Amino acid sequence: MRAQPKASHFISGTWAEDPTGDVIESVFSATGEVIARLHEATPALIDRALDAALAAQADWAARAPVERGRILQRAAALLRARNRALSELETLDTGKPLQETLVADAASGADALEYFAGFAATVTGQTIPLGRDMAYTLREPLGVCAGIGAWNYPIQIACWKAAPALAFGNAMVFKPSEMTPLSALALAEIFAEAGLPAGLFNVLQGRGGVGAALASDPRVAKLSLTGSVPTGRKVAAAAGAALKPVTMELGGKSPLIIFDDADLDNAVGAAMLANFYSSGQICSNGTRVFAHRAVKPAFLQRLAARTAKIVGGDPLDEATQLGPLISEAHLARVLGYVAGAKAEGARLVCGGARLERPGAFMAPTVFADVTDSMTLAREEVFGPVMAVLDFDEEDEVIARANATEFGLAAGVFTRDLARAHRVIGRLQAGTCWINAYNLTPVEMPFGGVKASGYGRENGHAALEHYTRVKSVYLGLGDVDAPY
Ligand code: NDP
């Protein structure tokens, strides 16, 4: 085993283990090798983590925000200093190529810590004049927040949740995906080294059951989930029963619309990034590429030529551009969508099969002549499979782009900026790009609408989701009582 951590969990500033918990194996999906063996958290460990978080939170909330920020800054510096080791760990755990993890994972986590470290000390309330009297508001932390992560961006997801939670005075118990348990533990160690008091960031391993236990526990004041729509429905229902606020970052089937006046090379590059980066395992991917009929032949020709040059291989080799999918089981699911698309009459332009090498690798795949009713145009595949659809008119493409239960993201490529803003204004999506795709800087709020979720991560918007407002009425005169 190549990445065995000291123990499975991190609770109250130290490693924790209970070997009676079910075994969880982390597999390097490029080779099938087991790189770590951990145990699921038992109820006793869940209890310990929540108690530790509860005990630590009040003192943390009472600290000066600038002091909280200083600790997060130190953690960010440690993440950056250890970027290579963390990226190698993330590559082993997820299979994503090192070429990506070196720039996109721990680095974006550090961005979040730096951003919210600086934000912490700027949070203020309002004063509200009321004639003789007045009122003011305070922004208070919520208490113990639970974070539940997906497997595609494990350390980024952990940081996107922990950074605002901690900056604004909360504690966090985080459960990574069972598929990618490792980097959250490395983050917990870094927080401890940066001086974060024990109990404020705890990591529990486990499958859905551990997440469900966190969702329903009365010690948890707020829940933030990154995952699929079916899991989102379950977690939101559990949280709703207890009237707990939740942030839901769920799946998508996002449209990327390419008008006939677009810069075609840029549009091709963006469509490739929007479908093949991280082997297509990105929630906000533009997996329904609507190409205007006038440019479709040129678009497909350039797309096929550039896609043929993508280098798949050992993800630990920095020259590799395409790694394996997260697991053999997931690859089988994605190949099932490919078979279904062929059976439903979509035209395979390239790819469509696993790569001729060991590991869960799949060739980048493009289907053309996809129609709105095909399964490939309706369901989230979460693999390197692009569906290209044709359109003629602006109104038509907007209506078709919106005809989905999802609403995470959308993109428009055109040189006509009036049209770009007009179209974006009518698309039902939480995160949009004009002449760009999938850029998610921490300064910009990120999240979805419709079945893709609610709440926002990052940007100023995150303040709403990790604090609550207390209103204070200040009586400055005599009490006017009629009795
Ligand atoms: P899942 O929904 O399968 O799992 C997400 C997390 O929830 C995992 O940690 C999982 O545990 C846990 N979980 C499962 N069941 C429950 C439950 N009943 N109660 C509480 N927690 C539970 O998603 P994946 O991990 O397969 O990730 C892929 C999905 O995530 C895609 O749909 C993708 O679009 C979405 N996603 C959304 C993003 C966004 O920001 N909008 C970003 C990234 C991904 P375990 O897996 O360990 O069993």
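Reference entry: report on the structure contained in this document. (Residues numbered from 1 in each chain as written. Predicted model: local features only at pLDDT ≥ 70, side-chain atom pairs only at ≥ 80, totals over all residues. Heavy atoms only, no water.)

## A closer look at the pairing of strand β6 (residues 133-141)
Thought 1: As paired elements, strand β5 (residues 127-130) and β6 share four bridges and run antiparallel to each other. Bridging from a neighbouring strand, Ile128 pairs with Ala135 of β6.
Thought 2: Linking two consecutive strands that pair antiparallel, namely β5 and β6, is a turn of two residues; a positive phi of about 75° is found at Gly131 within it. (Pairing = 2+ DSSP bridges. Helix = DSSP H or I, 4+ residues; strand = E, 2+ residues; numbered from the N terminus.)

## So, unusual backbone geometry
Thought 1: Phi at Asn438 takes a positive value of approximately 65°, unusual for a residue other than glycine.
Thought 2: Its place among the elements puts Asn438 in the loop between β18 (431-434) and β19 (453-454).
Thought 3: By relative accessible area, which is 17% here, Asn438 ends up buried.
Thought 4: The phi torsion at Asn458 lies on the positive side, around 70°, for a residue other than glycine.
Thought 5: Among the structural elements, Asn458 can be located in the loop between β19 and α16 (462-466). (Buried < 20%, exposed > 50% of the residue type's maximum accessible area, 1.4 Å probe, protein only.)

## Quick notes on the site of the ligand
Thought 1: Taken together, 29 residues surround the ligand, and among them Gly149, Glu178, Ser228, Thr231 and Glu380 come closest.
Thought 2: In this structure, Trp151 approaches the ligand through a side-chain N or O atom, which is 2.9 Å from an oxygen atom.
Thought 3: One nitrogen or oxygen atom from the main chain of Leu250 is found 2.8 Å from a nitrogen atom belonging to the ligand.
Thought 4: Coverage of the ligand by the protein amounts to 87% of the 900 Å² it exposes when considered alone.
Thought 5: Breaking the shell around the ligand down by element, the ones donating at least two residues are α8 (208-216), β10 (220-226) and α9 (229-241). (Near = heavy atom within 4 Å. Polar contact = N/O pair within 3.5 Å; in protein donor to acceptor, adjacent residues only side chain to side chain. Areas by Shrake-Rupley, 256 points an atom, 1.4 Å probe, with all protein chains shown as cover.)

## Overview of the packing of aromatic side chains
Thought 1: According to the stated counting rule, one finds twelve aromatic pairs in the structure shown.
Thought 2: A ring pair is formed by Tyr115 and Phe116, whose centres lie 4.9 Å apart and whose planes are at 85°; its orientation type is edge-to-face.
Thought 3: Residue class for Tyr115 comes out buried when judged on its relative accessible area of 18%.
Thought 4: Ring geometry for Phe174 versus Phe201: centroids 6.4 Å apart, planes at 25°, classification stacked. Residue Phe174 is located in strand β8 (residues 171-175), and its partner Phe201 is located in strand β9 (residues 201-203); the two are separated by 27 residues in the primary sequence.
Thought 5: Relative accessible area serves as the criterion here: at 4%, Phe201 is assigned to the buried category.
Thought 6: Ring pairing ties together the aromatic residues Tyr115, Phe116, Phe119 and Phe168, which thus form one cluster.
Thought 7: Its guanidinium or amino end placed over the ring of Tyr153, Lys96 lies 3.2 Å from that ring's centre, counting from NZ or CZ.
Thought 8: The residue whose ring lies beneath Lys222 is Tyr466, and the NZ or CZ to ring-centre distance is 4.8 Å. (Phe/Tyr/Trp six-rings, centres within 6.5 Å; stacked < 30°, edge-to-face > 60°. Lys NZ or Arg CZ within 6 Å of the ring centre and 35° of its normal.)

## What about the pattern of salt bridges?
Thought 1: Scanning all chains against the criterion turns up 36 salt bridges.
Thought 2: Across the salt bridge formed by Glu40 and Arg207, the nearest N and O atoms sit 3.1 Å from each other. Of this pair, Glu40 sits in the loop between β4 (33-39) and α1 (43-61) while Arg207 sits in the loop between β9 and α8, and the two are 167 residues apart along the sequence.
Thought 3: Given the relative accessible area of 12%, Glu40 is considered buried.
Thought 4: Linked by salt bridges that have partners in common, Arg293, Lys296, Arg347, Asp369, Asp390 and Asp392 make up one network. (Salt bridge = Lys/Arg side-chain N within 4 Å of Asp/Glu carboxyl O.)

## Focus on the sheet that holds β6
Thought 1: Ordered by their spatial adjacency, three strands build an open sheet running β5-β6-β20, and the pairing between neighbours is antiparallel. The open sheet is flanked by β5 and β20 (467-474), the only strands paired with a single partner. For this sheet, the mean inter-axis angle between neighbouring strands, taken without regard to orientation, is 20°.
Thought 2: Note that β6 and β20 share eight bridges and pair antiparallel. Bridged to Met134 within β20 is Leu474. (Axes fitted to C-alpha atoms, helices over the stretch in contact; angles between N-to-C directions.)

## Looking at a nonpolar patch on the surface
Thought 1: A contiguous nonpolar patch, built from Ile128, Leu130 and Tyr473 and spanning about 290 Å² of accessible area, is present on the exposed surface.
Thought 2: Note on placement: Ile128 falls in strand β5. (Patch = residues over 30% accessible without salt bridge, like charges linked within 9 Å, V, L, I, M, F, W, Y side chains within 5 Å.)

## A closer look at the packing of helix α6 (residues 154-167) against helix α7 (residues 182-194)
Thought 1: Two numbers describe how α6 lies on α7: the axes approach to 9 Å, and their chain directions differ by 40°. Judged by the inter-axis angle, α6 sits oblique to α7. Crossing geometry of α6 relative to α7 is assigned as right-handed. Across the interface between the two elements, Pro154, Ile155, Ala158, Cys159, Ala162 and Leu166 of α6 pack against Ser183, Leu187 and Phe191 of α7.
Thought 2: Considered class by class, the residues forming the contact of α6 with α7 number eight nonpolar, one polar and no charged. (Parallel < 35°, antiparallel > 145°, perpendicular 65-115°, else oblique. Left-handed = near helix turned anticlockwise from the far one by under 90°. Contact = heavy atoms within 4.5 Å. Nonpolar A, V, L, I, M, F, W, Y, C, P; charged D, E, K, R; others polar.)

## Details of the environment of Tyr437
Thought 1: On the secondary structure map, Tyr437 appears in the loop between β18 and β19.
Thought 2: Accessibility expressed as a relative area gives 4% for Tyr437, which makes it buried.
Thought 3: For Tyr437 and Leu273, which are 164 residues apart along the polypeptide, the C-alpha to C-alpha distance reads 7.5 Å.
Thought 4: Beyond its immediate sequence surroundings of up to four residues, Tyr437 is in contact with Ser254, Pro255, Leu256, Ala270, Ala274, Ser284, Asn285, Gly286, Ala409, Ala410 and Gly411.

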